[in-house]
Amino acid sequence: MSNTKPILPKGMRDFTSEVMFRRNYIFETVKSAFERYGYAPIETPAMENIGTLTGKYGDEGDRLIFKILNSGDYLSKTDLNDSTTSKSLTKQIVEKALRYDLTVPFARFVVQNRNEITFPFKRYQMQNVWRADRPQKGRYREFYQCDADVIGTDSLLCEVELVQLYDDVCSQLKIPNVDICINNRKVLSGMVELMGATDLFEDVVITLDKLNAIGLEKVKEELLEKGVKSESLSILDTFLNTKTVSDLSSLLEQSEIGKKGLEELQFVIDNVTKLGLQSANLVFDITLARGLNYYTGCILEVKANDVKIGSIGGGGRYDDLTSNFGLKDVSGVGISFGIDRIYLVMEELGLFPNNIDVSTKVMFANFGFDEAAFCLPLLKQLRAAGISSELYPINAKMKKQMTYANNKGVKFVIMVGEDEMESGILSVKNMESGEQSNLSIADLIKQLS
RNA sequence: GUGAUUGUAGCUCAGCUGGUUAGAGCACUGGUUUGUGGUGCCGGGGGUCGUGGGUUCGAGUCCCAUCAGUCACCCCA
């Protein structure tokens, strides 16, 4: 008999019940916030055709897409020769892939279901995504994203709303010291245009994004390496020296796209400021870029400053994502919450309430066949009253039954033996205080509901 | 794809410059009142020391290779 080792593939995780109670707490908080803001749920499948995904995330993104090998005798359909490479072979034997994020499948969904959808369409989606990345802290190969998007309008009020949504959720979860960083891709385009490096936009922007991590000097070195002219760097300096959005207006005077971006940025910041945030800070950050290719306007990223981890959420506006699937002129904007990272932040800061990990509230101890039979209708009544309860399945030793109840966090253990069966009065033990009381089932239900 | 680091019981680890039958805590299990847990006491099971070579009279300990995990870079939630 072969004995398979019980191990998981790299970057994949099991979740114990204890963890799931906590994860669900986050999920519920995010979900109810989404619904409070008028977003409706959808789901898309784990798999997409590979063409749906490639080319949407940048080169690095494409590399990290998990591909699914075709079924059947795929070898007989391949054309192998001397010039065959892994990459060219992949195209012949792979037609499907696991989704890399929720936004691109959503764009596909919108185009495919455009006749069923009323625009502007506000949807939320909470599903797992997969990336063939090297795992490390806060980075997994399978993780959950919770997205809210509005598609079918270019109104900047959506951006304002999404910033509030971020603030709302972080406040409810009581995550302290949260920065919601904001920037605009058009502002970056304007800057890169003035630097005379429009062709290198992606490179410049990705390098710039590392400023906090590697410092200005390294950034400049890297930009020069990538082909940016040295005289352009002084222009970069003037941009980096801006503290507020209004400082940018004179700098971007010469760039149409830059001016447009600035206007957008100003609108969002002004409105958010006017409304006020509960606990998070809205921070303008000229270095915020985001690597995903499809962003075109406002970009957002959320950081929990008290924990050393990547961002716990990100998002932005994409003006043309649906045109990849044949639907033009549909602008969308959305945000994503990284549940797994939020979990780590909350765990590290001890933010989980302690009463979220209880499932069974009442347990009947099992004293034997007749006694168990007596308990079944009582159990039914408790459950009908909405009280989560169970009967220990076998007549095991009391110690074992009590240990089970204790480890499971059961609040009350009910003991029904001969005396209780005769009188109908139950012995109810409070597992926290250790006190025992005698109650009828009606009184117990009254007390617990 | 690049670099660093670790690999001893189910889990967290100890094991000094290589030396007899490899340890602890937790967990599990049995007893300590055969209707009572979480705190006490006594007992028990469980390890080819990641794997494969090498050095040596002798390797958990040293050397090489290999695999796996973790962390960092790249990129990202």
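Predicted model, so just to flag it, every value in this text is computed and none were measured. (Residues numbered from 1 in each chain as written. Chains lettered and ligands numbered in written order. Predicted model: local features only at pLDDT ≥ 70, side-chain atom pairs only at ≥ 80, totals over all residues. Heavy atoms only, no water.)

Observations concerning the protein's contact with RNA strand B
By nearness alone, 40 residues border RNA strand B, and R131, R139, K210, G291 and S311 come closest of all. Among the atoms of RNA strand B lying within 4 Å of the protein, the sugar-phosphate backbone contributes 50%. Between RNA strand B and G138, the relevant distance is 3.4 Å, taken from a base nitrogen to a main-chain nitrogen or oxygen of the residue. Elements represented by at least two residues in the surface near RNA strand B include exactly β6 (142-151), α16 (398-408), α17 (418-423) and β15 (426-430). Split by residue class, the surface near RNA strand B holds 10 nonpolar, 13 polar and 17 charged. (Near = heavy atom within 4 Å. Polar contact = N/O pair within 3.5 Å; in protein donor to acceptor, adjacent residues only side chain to side chain. Helix = DSSP H or I, 4+ residues; strand = E, 2+ residues; numbered from the N terminus. Nonpolar A, V, L, I, M, F, W, Y, C, P; charged D, E, K, R; others polar.)

Quick word on helix α13 (residues 256-275)
With 20 residues, α13 extends 29 Å from end C-alpha to end C-alpha; this agrees with the ideal 28 Å at 1.5 Å per step. Buried within α13 we find G258, G261, L262, E264, L265, V268, I269, N271 and V272. Buried residues along α13 sit against α6 (157-172), β7 (178-184), α7 (185-194), α12 (248-251), β8 (281-284) and β9 (298-304). Backbone geometry just downstream of α13 places G276 in the positive-phi region, at approximately 85°. (Expected span 1.5 Å × (residues − 1). Buried < 20%, exposed > 50% of the residue type's maximum accessible area, 1.4 Å probe, protein only. Contact = heavy atoms within 4.5 Å.)

Overview of unusual backbone geometry
A cis amide bond links F119 to the next residue, P120, at an omega of -5°. Mapped onto the elements of the fold, P120 is located in the loop between α5 (103-112) and β5 (121-130). Positioned with a positive phi, K174 is a non-glycine residue whose angle comes to about 60°. Within the secondary structure, K174 sits in the loop between α6 and β7. A positive phi angle is found at D329, which is not glycine, with a value near 60°. Here D329 is to be found in the loop between β10 (313-318) and β11 (332-338). Its relative accessible area of 74% is what places D329 among the exposed residues.

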